[in-house]
Amino acid sequence: MLAPKYFLYLAESDEGRFRVSLSSNPRIDAYFLAEEGFTALQIIKPPLPLYLAEWVLEQLSTPGLKLKSGLFFRMVKRAVQTIQPHRILPPVKLSLAELRPESLDFPDLTGLLQGRILLGTELPELIAAKGLEVPWNPEDWMQYLYFHSRVRREAAVSVDRLGLPFCRRCGATTGILEDDCYFCGNSRCYTCPHCRSMGVAKSCLPLYSQPRSEEPVAEEAILPHFDFELTPPQKRASSALEQFLDGGERQFLVWAVCGGGKTEVSFGAVAKVLSAGGRVLFAVPRKDVVQELEPRFQKAFPAQTLVALYGGSGGRYEESSLVLATTHQCLRFYQAFDLIILDEEDAFPYFGSEMLHFAVRRALKPQGKLVMMTATPDRELRARAARGEIPVVEIPARPHRRPLIVPQILRTALNPVGRKDWQPPPFLREKLEALHSNGRKLLVFLPTVREVEQFGRALCDWAQSRTLKGKYVHARTPGRLEAKAALLDGAHDFLVVSTVFERGITIPNLDVVVLNADDEAIFDCRTLVQIAGRVGRMGEAAQVCFAGKRQSRAMHEAVTWISRMNEAGYQLGFLDESS
Ligand SMILES: [Zn+2]
Ligand SMILES: [Zn+2]
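Numbers given to residues run from 1 along each chain, matching the order in which its sequence is written. To label them, take the chains in the order written and letter them from A, then take the ligands in the order written and number them from 1. Given that this is a predicted model, residues contribute local features only at a pLDDT of at least 70 and side-chain atom pairs are listed and counted only at 80 or more, while totals for whole chains, interfaces and linings are drawn from all residues. Based on all heavy atoms of the structure, the side-chain values leave hydrogens and waters out of the count.

Asks: Account for the coordination of the zinc ion (ligand 1), naming residues and giving values.
Replies: Of the protein atoms, only Cys167 (SG), Cys170 (SG), Cys192 (SG) and Cys195 (SG) coordinate the zinc ion (ligand 1), at distances of 2.3 Å. For Na, K and Ca the donor cutoff is 3.2 Å, while for all other metals N, O and S atoms must lie within 2.8 Å; water is not among the atoms, so some sites may look incomplete. In this scheme the shape depends on donor count and angles: four donors with every angle between 85 and 135 degrees give tetrahedral, four or six donors with opposite pairs above 155 degrees and others between 65 and 115 give square planar or octahedral in turn, and any other case is irregular. Geometry at the zinc ion (ligand 1) is tetrahedral, judged from its 4 donor atoms and the angles of 105 to 114 degrees they form at the metal. Of note, the zinc ion (ligand 1) draws all its donor residues from one chain, in the sequence arrangement C-x2-C-x21-C-x2-C. Its relative accessible area of 0% is what places Cys195 among the buried residues. Here the term buried applies to any residue with accessible area under 20% of the maximum for its type, exposed to any over 50%, and partly exposed to those in between, with areas from a 1.4 Å probe on protein chains only.

In structure tokens:
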């Protein structure tokens, strides 16, 4: 069995003081309890898996409750049975004199966790990274820190008041698995499948956390180094961000158009916090974005040690005031940063966004500040901004000063596939045939994998008979990257894709068509805005078309959203009137 188990105990002194706690090694507690004048321990056997032990401890921690030994046992027994049938033996009374070791020796563990939240299983690596010799049982060090309230220890997966399991590491409340456990030997143990890639979180495994406690000390002023000039909308956003740092607000929204260049607007604020001796986390959803941002940050802050964390990056426990990290890596920080910038990039409203927000909130110091940067804030965030509950600055224009392309909405149905003389709808036929001569590329979006396959195949066959080259790709198609490259270098004229294709793609002279765009389960307003944001990135003219059997609310919202951004751009003088 690999999971530590925890003894519940009642410590008593001759003058009637008592203390209830739990310990993976009661000898360690005995040593310090004796120093505090306690004389005996009543220990419950057998030791329990952590989530059960902490549940019982919580039930016993009623203020003012006088825990005489008989009551202690009855309450423990009752609390255990409410969660899980477990055989509990009457407590054994031991004198501290016989239990305590003669001496105990721990190294200086003050800064061990500082701003981290880690599973017990991650401790050996942390300890080694701190240059300490990994002890035979790191859990003993943790018991020592826990006894003195210097770390927080909780079961990585626990149950709420309704008895429903949730993951403390990643915040998941659904999909937690219950199974026979190899770690604790229990037939009912909970496991979180969502954060598994970071090491398994279970209800019998401890999760340790400690806020970062040291006060920031002002350093030499740091200025970001730019080898380009910020555009006027970027400058405006950048100074709004710096002002936000001086004010009393805790959160700030940077609402930028796709391709508006929002990353750089944070550099001034980052420099300001670093100069004051503070710590900054730049959080993004994906590994490739961290890798892409790392050299840009290094260039802007050449004198700064920078830690970039993503799956397989190494350097997990390196200390730095400036950290770039993916969602999952953010899950290892606890009240560690004075400023966190959450950059959703031009990603789709992606899976895992809730986890990222959870991780980021926890990684922030209690007085820290959070900046959210996104092209497509969700409904709740937009409503908060509209009510004035969160300050917001918009970057309504791209550096090239051309407006965003406003999508056209078309009502048209697709012919069912299967007939030999299948034809795409007339507007699409026209667009495809024009590709012969106009030097443009076309991306055709469809909502589901099945539709991509059905209509993609039909469309490619139809196009081939007209000497046009196309391909259909979706999440499960191998060679997606090659298809993207083929579109970019002209080997393909068009691609039929699902939304997965969306990520991180800038193709010049691109037009976009969204078919069955009225499928609101897939094409919600934010997704449509992101898709429309793929065109005109270099300032060139382009077309976006949302086509569906009906006009959905999301289509209209997306068009209104984009038009409103353009209006703001014109009003602020960030866009040139078309000549
Ligand atoms: Zn989890
Ligand atoms: Zn277990």
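Asks: Give a detailed account of the coordination of the zinc ion (ligand 2), specifying residues and quantitative values.
Replies: Protein-derived coordination of the zinc ion (ligand 2) comes from Cys181 (SG), Cys184 (SG), Cys189 (SG) and Cys204 (SG), at a distance range of 2.3 Å. Around the zinc ion (ligand 2), the 4 donor atoms are arranged such that angles at the metal cover 104 to 115 degrees; this shape is classified as tetrahedral. Motif for the zinc ion (ligand 2), donor spacing along one chain: C-x2-C-x4-C-x14-C. Owing to a relative accessible area of 1%, Cys189 belongs among the buried residues under this scheme.

Asks: Before we move on, could you go through the sheet that holds strand β21 (residues 441-445) and cite the residues and values that matter?
Replies: As summarised here, the arrangement of the 6 strands in space is β20-β25-β24-β21-β23-β22, forming an open sheet in which the pairing is parallel. The outermost strands of the open sheet, each flanked by one partner alone, are β20 (408-411) and β22 (470-473). Across this sheet, the average inter-strand angle for adjacent strands is 20 degrees, counted without regard to direction. The rule for pairing is simple: two strands pair if DSSP sees at least two bridges between them. Only DSSP runs of H or I reaching four residues or more are called helices, and only runs of E reaching two or more are called strands; each is numbered from the N terminus. By the bridge criterion, 3 bridges tie strand β24 (residues 510-514) to strand β25 (residues 544-548) in an arrangement that is parallel. Looking at the pairing, Val514 lines up with Phe546 of β25. Throughout, a contact is declared for two residues whenever any of their heavy atoms are within 4.5 Å. The convention used is that axes are lines fitted to C-alpha atoms, helices contributing only their stretch in contact, and that angles between N-to-C directions extend from 0 to 180 degrees. With respect to the sheet, helix α13 (residues 426-438) is in contact with β20, β21, β23 (494-497), β24 and β25, its orientation differing from that of β21 by roughly 150 degrees.

Asks: Talk me through the sheet that holds strand β10 (residues 189-192); I want residue IDs and the actual numbers.
Replies: The 3 strands are arranged β9-β10-β11 in an open sheet whose pairing can be described as antiparallel. Looking at strand neighbours, the two that pair on one side only are β9 (177-179) and β11 (201-202), the edges of this open sheet. Bridging between β10 and β11 involves 2 bridges; their strand directions are antiparallel. Paired with Cys192 across the bridge in β11 is Ala201.

Asks: Lay out the pattern of salt bridges in plain terms, naming residues and giving numbers.
Replies: Salt bridges are identified by distance alone: a Lys or Arg side-chain nitrogen within 4 Å of an Asp or Glu carboxyl oxygen. A complete count under the given rule lists 32 salt bridges for this structure. The partner of Arg286 in a salt bridge is Asp288, with the nearest N and O atoms 3.1 Å apart. A salt bridge links Asp421 to Arg419, with the nearest nitrogen and oxygen atoms 3.3 Å apart. A single salt-bridge network, built from bridges that share partners, covers Arg116, Lys130, Arg212, Arg279 and Glu319.

Asks: So what about the nonpolar core? Which residues, and what values?
Replies: As used here, the term nonpolar core means buried Ala, Val, Leu, Ile, Met, Phe, Trp, Tyr and Cys residues forming a set that is joined through side-chain atoms within 4.5 Å. Counting 129 residues, the largest nonpolar core has Val76, Cys167, Cys192, Leu281, Val512, Val514 and Phe546 as its most contacted members. Those residues in contact with Val514 that sit more than four places away from it in its chain are Phe445, Phe523, Leu528, Ile531, Cys545, Phe546 and Ala547. Formed by 36 residues, the second largest nonpolar core is a distinct cluster that contains Val270, Val289, Leu324 and Leu339.

Asks: A description of the environment of Arg398 should follow, citing residues and the corresponding values.
Replies: The residue Arg398 is located in the loop between β19 (392-395) and β20 in this model. Distance in space between the C-alpha atoms of Arg398 and Gly260 is 4.4 Å, their sequence separation being 138 residues. The contact partners of Arg398, leaving out residues within four places of it in the chain, are Val257, Cys258, Gly259, Gly260, Leu404, Gly533, Val535, Gly536 and Arg537. Identification of polar contacts relies on pairs of N or O atoms within 3.5 Å, with a donor-acceptor requirement for protein atoms, meaning one able to donate a hydrogen and the other able to accept it, and with residues adjacent in sequence counted only if both atoms are side-chain atoms. Reaching out from Arg398, the side chain makes a polar contact with the backbone oxygen of Val535 at a distance of 3.0 Å.

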